[in-house]
Amino acid sequence: MKKITKIMSLILACAMTMTLLAGCADAGAKDAAEPSSDAAAGTNADAEDNGNAGTHTEAVFMIGAIGPATGGAAVYGIAVKNGTELAIKEINEAGGINGVMIEYNFQDDELDNEKSVNAYNTLKDWGMQMLVGTTTSGCCIAVKAETSNDNMFQLTPSGSAVDILKDNDNVFQVCFTDPNQGIGAAQYIGDNSVAQKVAIIYDSSDVYSSGIYEKFTQEAENQPFEIVSAEAFTADNKTDFSVQLQKAKDAGAELVFLPIYYTEASLILTQANAMGYEPKFFGCDGLDGILNVENFDTSLAEGVMLLTPFAADAEDEATKAFVSAYQAAYGDTPNQFAADAYDAVYIIKAAIEKSGAMPTESVSDICDKLKVAMTEITVDGLTGEAMTWDSDGAVNKSPKAMEIVNGNYSLIQ
Amino acid sequence: MKKYKITKNVRDNILTYGIVILAYFIIQMMIHTGKISSLMQGLLVPLCIYVILAVSLNLTVGILGELSLGHAGFMCVGAFTSAFFSKCMEDVITFGFLRFALALLIGSLSAALVGFLIGMPVLRLKGDYLAIVTLAFGEIIKNVVNVLYIGKDSSGIHFSMKDSLSLGLMEDGEVIINGAQGITGTPKDSTFTIGIVLIILTLFIVLNLIHSRDGRAIMAIRDNIIAAESIGINITKYKLMAFSISAALAGVAGVLYSHNLNSLMATPKNFGYNMSIMILVFVVLGGIGNIRGSIIAAVVLTLLPELLRGLNNYRMLIYAIVLILMMLFNWSPKLVELRKRFSPRRLLNRTREVQ
């Protein structure tokens, strides 16, 4: 018995050493490749030196993406990963951008600001020229400080905080900023006189949710409706909403505004139903996905209105093609994050075509060209038609209001 | 006999300082010759942060002998107070170094104060009870920070615990701490050199404390509290001393952290109990009470998940397995015995004996 233990320990120790060495070798390879990626990441010889760059003999565009692929927010990161990958595969199959192929690399940031910067640096070592990322707002703020230092072109598919666009000119967004969503929602409710008395339930520990909440409240002052209750919950306490709902009910709210993600929203709908409270529910793009929540009675979501740029069961050709391609590749229905990321790649493509940037140029030169091109292009994508950009990086597109009818999202005209 | 003992201590300390200084010069050389990847360069400051955290927690866990699970909370206090200070003073003190030095002072003092206040009631407990109470305090600190809204305009500083609208800022106002969204735009003052200087300072404080009269008193409390009390050692005083110093040093790490990243948010990931336990893992892997071990463990465990990035999806899984194996390799009694049998020193001695 003793002998077996000893042998086992030895084997395990060996296994560990091997793993460690494997890790080291990997790092070594990266280190060796580093100077090449630092100096003009595109020259042919260098691209060949870099083991990760594959066997291409000609210059390629190197696009990196960052998002949480592990942990609680992994759904979003993986959606961005897949959406980007799908778009790049399509572009490469169609002959690339101006005949130039794209190389793609995705790095995990675990939803941690510090890890996100690490992921960015890893991609820089790999030779990234353009960044599709990061997926989440907090990480994006940390990373944009680095990209603006390096003058690296950054297009975030779903980082919606305003701070992302502050103090730089190299970062652009595909999604709406949080204030735009808040203002848009308030205006929609006001203009269409959906309700007179509005209650809000929001997540005060989440940047996205509290960002929308604040602007919604500000804009509401100019609108013909009244906010009768505003109740918060936090990430540590998001399973029981009976208190918040009771307050909304007591205040006589006809509409409950939910600037939150769909997981919590599905609980709110269920609990409201249980207490016999039937207001109208109105949400933002975070509610997209509510029909796919497991064990959720989707009939409760009937009549829920949401402002979202993308719905997987929309009827137009582009969306249909995207959804079926995505399902074929990943066996999953794409959400808004995947669509944003998919659009991001095509936006970069449009900007490159407009500016005539070449992969042999330095990262900073490409960025300067793309910055100019971004303000000139107009892109039709899955998440909006005729999208244009200001020089500060915010997107101009009109939000689509959807209503859930017969278990499907349908566009409100 | 006495003389020998001192030389051993001194030799040990010189080795510890030496490793840090040597590492610094090697890295500096690599930076100047351009032989270092951007990933490594970005990791240099975080490495310093984790080393300081590990060494400071070792003071509580290893020297004082009390299990604390709230270390990230003190880091959080240091990070937020100093980032707040830097944001307020960004226009007033334009000389970056002076501002950062003051931020360091404020961060460490406020962390020490919180450590002192928490320590007073908490240190009456022992063992598991203390661990759980510190865990709770760490979480409280994180949650309190998450509901703070502080803004500044020409009429002064505004404060709220509801939301940033109720601050009632004027047109020129700026929200500095925006609840869960934290502080954005902290000046990036942390550098590797400052980090190393702070590590050396931390080592200087901790190592000198351990080998001082006070340090021996603290260790006496750890080894046998009744015996220590019977010879007249003031238990409360020494416990609080070790705990506050440890908190202050964690505050220093927090200052480095907040001035390294553009956005500072108190999430469960960076200031929650996950982080506290991570720091504890550094300490345990490096050896409880072993300062040099803490440094090495912090460096290895911070680098490991980044070096494993090549494994993509299996990265965190492999990281966990490697962590388990390393823990076994270092501390399983059988393996310790085995390592001793095959240690180079012993083999050397044996060949000498044969000769």
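Note that residues are indexed from 1 along each chain, following the sequence as it is written. Numbering of ligands from 1 and lettering of chains from A proceed in the order in which they are written. With pLDDT at 70 or above as the cut-off, local features in this predicted model cover only qualifying residues; side-chain atom pairs require 80 or more to be listed or tallied, and sums for whole chains, interfaces and linings still use all residues. The basis for every side-chain value is the complete set of heavy atoms in the structure, and neither hydrogens nor water enter the calculation.

Participant: Help me understand the overall build of chain A, please; the structure alone is not making it clear to me.
Facilitator: Only DSSP runs of H or I covering at least 4 residues are called helices, and only runs of E covering at least 2 are called strands; the numbering of each starts at the N terminus. A tally of helices and strands in chain A yields 12 helices and 15 strands. Relative accessibility under 20% of the residue-type maximum defines a buried residue, over 50% an exposed one, and the middle range a partly exposed one, all with a 1.4 Å probe and only protein chains included. Out of the 413 residues in chain A, the part that is buried amounts to 57%. A 1.4 Å probe and the Shrake-Rupley method give the accessible areas. Residues count as covered only by the protein chains that appear here. With an accessible surface of roughly 16000 Å², chain A has 51% of that area assigned to carbon and sulfur atoms.

Participant: Explain the sheet that holds strand β12 (residues 384-389) of chain A to me, please; I cannot follow it from the model alone.
Facilitator: Each strand in a sheet pairs with its neighbour through backbone hydrogen bonds, running either in the same direction (parallel) or in the opposite one (antiparallel). All names here are of chain A. One open sheet holds the 3 strands; their spatial order is β11-β12-β13, and the pairing between them is antiparallel. At either margin of the open sheet sits one strand with a lone partner, and together these are β11 (379-381) and β13 (395-396). Both β11 and β12 contribute to a ladder of 2 bridges, which runs antiparallel. Bridging across to β12, glycine 381 finds its partner in glycine 384. When DSSP finds two or more bridges between two strands, those strands count as paired.

Participant: What is the right way to read a nonpolar patch on the surface from this model?
Facilitator: All names here are of chain B. A surface patch of nonpolar side chains, about 630 Å² in accessible area, is lined by Phe95, Phe97, Leu98, Leu102, Leu105 and Leu109. Mapped onto the elements, leucine 98 comes out in helix α4 (residues 96-122). Under the relative-accessibility criterion, leucine 98 is labelled partly exposed at 42%. Patch definition: residues with relative accessible area over 30% and no salt bridge; like charges joined within 9 Å; nonpolar side chains (Val, Leu, Ile, Met, Phe, Trp, Tyr) joined within 5 Å. Within this document, salt bridges are pairs made up of a side-chain nitrogen of Lys or Arg and a carboxyl oxygen of Asp or Glu, the two lying within 4 Å of each other.

Participant: Looking at this model, I keep getting lost on the pairing of strand β2 (residues 102-108) of chain A. Mind explaining?
Facilitator: Within a regular strand, the side chains alternate between the two sheet faces. Residues and elements named next belong to chain A. Of all 7 residues in β2, 7 are buried, a share of seventy percent or more. Every second residue of β2 is oriented toward a common face, with Ile102, Tyr104, Phe106 and Asp108 on one face and Glu103, Asn105 and Gln107 on the other, all of them buried. For strand β1 (residues 61-67) and β2, the ladder comprises 7 bridges, and the chain directions are parallel. Bridged to glycine 64 within β2 is asparagine 105. Crossover handedness is defined by viewing with both strands directed away from the observer: a clockwise path from the first strand over the helix to the second marks the crossover as right-handed. Considered for its hand, the β-α-β crossover made up of β1, helix α3 (residues 74-93) and β2 is right-handed.

Participant: So what exactly am I meant to see when it comes to unusual backbone geometry here?
Facilitator: Negative phi characterises most residues that are not glycine, and trans characterises most peptide bonds. Residues and elements named next belong to chain A. The residue after glycine 133, namely threonine 134, is reached through a cis peptide bond having omega -5°. Structurally, threonine 134 is set in the loop between β3 (130-132) and α5 (137-150). The residue asparagine 98 is not glycine, and still its phi comes out positive at about 50°. On the secondary structure map, asparagine 98 appears in the loop between α3 and β2. A positive phi is found at aspartate 167, a non-glycine position, where the angle reads about 55°.

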